Amino acid sequence: MSHPVDRKYDEYLASERSPHPFVEGGPFRVCLVYPNSYRVAMSNLGFQTVYRALNRIPGVTCERAFLPEAAHIRDMERYGTPIFSLETRRPLNQFQVIAFSVTYEMDYLNVFQILRMAGIAAASEERDPRDPLLLAGGAAITANPLPVSEIFDLFFLGEAEAGGPELFRRLQEAQGEDLEALTRDLPQVYVPSEDLAPPEEYPALPDLETDFAASSIITPLTVFSSTALVELTRGCPRRCSFCIAKDLYGATRNLSLETTLGYVESMRPYTDRFGLFGAGISDYDGIEKVVCALGEMGVEVTISSLRFDRLTPELLRVLRRGRQRSITVAPESFSQPVQRFLKKGFALRRVEEGLRLILDAGFERVKYYLMFGVPGEEPSDFEPLTEHLHKAIPDLERAGATLELSFSILEPKPKTALARLPMADRSTVRRTETFLRKNLPRSSRIEVQWPSYGQTCLSDWLSRGDRQAGRQLLRFHQETPRKPFRLPYREYSAEMGRILDDADSRPSIDRGTAVLSPAEPPPQLVKVNGGSGVTPQDPKYRSNRGAWPPTAISGPVVCPRIPVTSPPFSVRIPLPSRQRTW
């Protein structure tokens, strides 16, 4: 009788359609692992792009593995079944390289579970050359690899298309060499046993024309069921202070209309549903032309989050004609002072006009991404939101549509302008949420999703943690391998105080935390004179970045200014630890 996971994997493979079927490419075996479910993994463009790229390298056979479903995990642990690959059911410990693609910091916790079930030691210093080489890349790793630097042998930072194939060619050809020597001239590779801090800069693709990210495997068993996704634009031309897209991917690069249409045509035998993605997709020059061209081809088109000030009747009409039923916009806040702090400004009339256009186009569901926990926020900052919702209810009822409000807590990310900013404390978040629950209009046409403060704290710690935080995480999983990781609020507060406040006075071995330091200190939301106008002479809110002298500002500074220095990221300092050979 076959194992339940075997049957589930058979179901996965039977559902997949692809112009690039799996074939044994050579004796050098790599397992590409996404530390989450199959459904989430196969919805990730980076994961699919790397899988396709590795299987193109002569001599390399790349397979996939995922975190099994909860019921299957219990069965596998009960019978001692190790995690194995999707394609050939080979246990993970029989691969030469295990490459993790990590997009979200919370998936770090799943990495420990996967390694435990694979029978592989989590601590890199406990493994020997007979064990698989553990490598990690992805958005979370590129932002800050230090919290998991005790686990992985090396990291690949930035865009995998720019240097990933060369790394794997070297690993395939060179056995028994020192990892640092093998990768010394690869600026995207960081060997944590040899260097204190990851490289500050690394090359990026000059354009997306030859190596664009797109789905190569179509399956209904994903978040975007039976939809081929293509990254229309990478990077972002805007400088929102809380967003990491610009800092991770640099200059904006766009996929041409011709290349986009060529990809769609090549995938038409496998699906007629296509999704356009990109952090700055609203700013793509000619987005209406692309959507209309795809509509004329007779395919269904969906698009990722848009801006209110980029909505047009023609764009919405074509999207709706493609049977897209919902649309997502991310205003973050309806308060202009908060928008200025987040560097995401737009006129409130744009929101009202945009919602009207969306409803007139016939969309059944609208989703707003909203944020609270910004330092200096007051109840009055949410009044424009409540006013907008009261006005929107009659329009929603006439259109028979639902408006979903998805709130999140401001989580300062490494490498952004807010990297040194403490997250809002628990009492502040509780007061804001209580105010919103009391004042948001109650209507069957409005749904609200609330964030978990505890989960946000854990995500923040994993996002901005240093080597010491990584050692604490590793120690917990070594001592209690079958228990879920918990981070009490008091411990989180102490940890983030240490990471943020003491960064400039720590021993040099922990200077790797300096990856958090932006080139300039974060802005501070400061209320001045209680004024309502926003002028250079009497601003209501002002950043501490400008030449405005502190003595001219009355009222308390809401967030303490933390001094920041910029240590030399590019200096490679050897650590007194063992050398891993390959």
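Please refer to the structure higher up on the page.
All of the points below concern the structure found in this document.

Cut-offs used in this document
Residues numbered from 1 in each chain as written. Predicted model: local features only at pLDDT ≥ 70, side-chain atom pairs only at ≥ 80, totals over all residues. Heavy atoms only, no water. Helix = DSSP H or I, 4+ residues; strand = E, 2+ residues; numbered from the N terminus. Buried < 20%, exposed > 50% of the residue type's maximum accessible area, 1.4 Å probe, protein only. Contact = heavy atoms within 4.5 Å. Pairing = 2+ DSSP bridges. Phe/Tyr/Trp six-rings, centres within 6.5 Å; stacked < 30°, edge-to-face > 60°. Lys NZ or Arg CZ within 6 Å of the ring centre and 35° of its normal.

### Quick notes on the overall build of the protein chain
Then step 1. From N to C terminus, the protein chain includes 19 helices and 17 strands.
Then step 2. Considering the protein chain as a whole, with its 582 residues, one finds that 55% of them fall into the buried category.
Then step 3. Sequence-distant contacts in the protein chain: of pairs separated by 6 or more residues, those separated by 24 or more amount to 75%.

### Remarks on the pairing of strand E12 (residues 326-332)
Then step 1. Judged by how many residues are buried, E12 sits mostly within the fold: five of seven residues are covered.
Then step 2. Here E12 pairs with strand E13 (residues 365-372) via five bridges, running parallel. When the bridges of E13 are listed, Ile327 appears paired with Val366.

### Notes on the packing of aromatic side chains
Then step 1. Applying the stated criterion across every chain yields a total of 21 aromatic pairs.
Then step 2. A centroid spacing of 6.4 Å and a plane angle of 45° characterise the contact between Phe382 and Phe435, whose relative ring orientation is tilted. One end of the pair, Phe382, is in the loop between E13 and helix H15 (383-399); the other, Phe435, is in helix H16 (residues 426-439), and 53 residues separate them in sequence.
Then step 3. A centroid spacing of 4.9 Å and a plane angle of 90° characterise the contact between Phe476 and Phe485, whose relative ring orientation is edge-to-face.
Then step 4. With relative accessibility at 7%, the residue Phe485 sits in the buried group.
Then step 5. A network of ring pairs unites the aromatic residues Tyr9, Tyr12, Tyr34, Tyr38, Phe47, Phe66 and Phe84 as a single cluster.
Then step 6. Lying across the ring of Tyr51, Arg64 places its NZ or CZ 4.8 Å from the centre.

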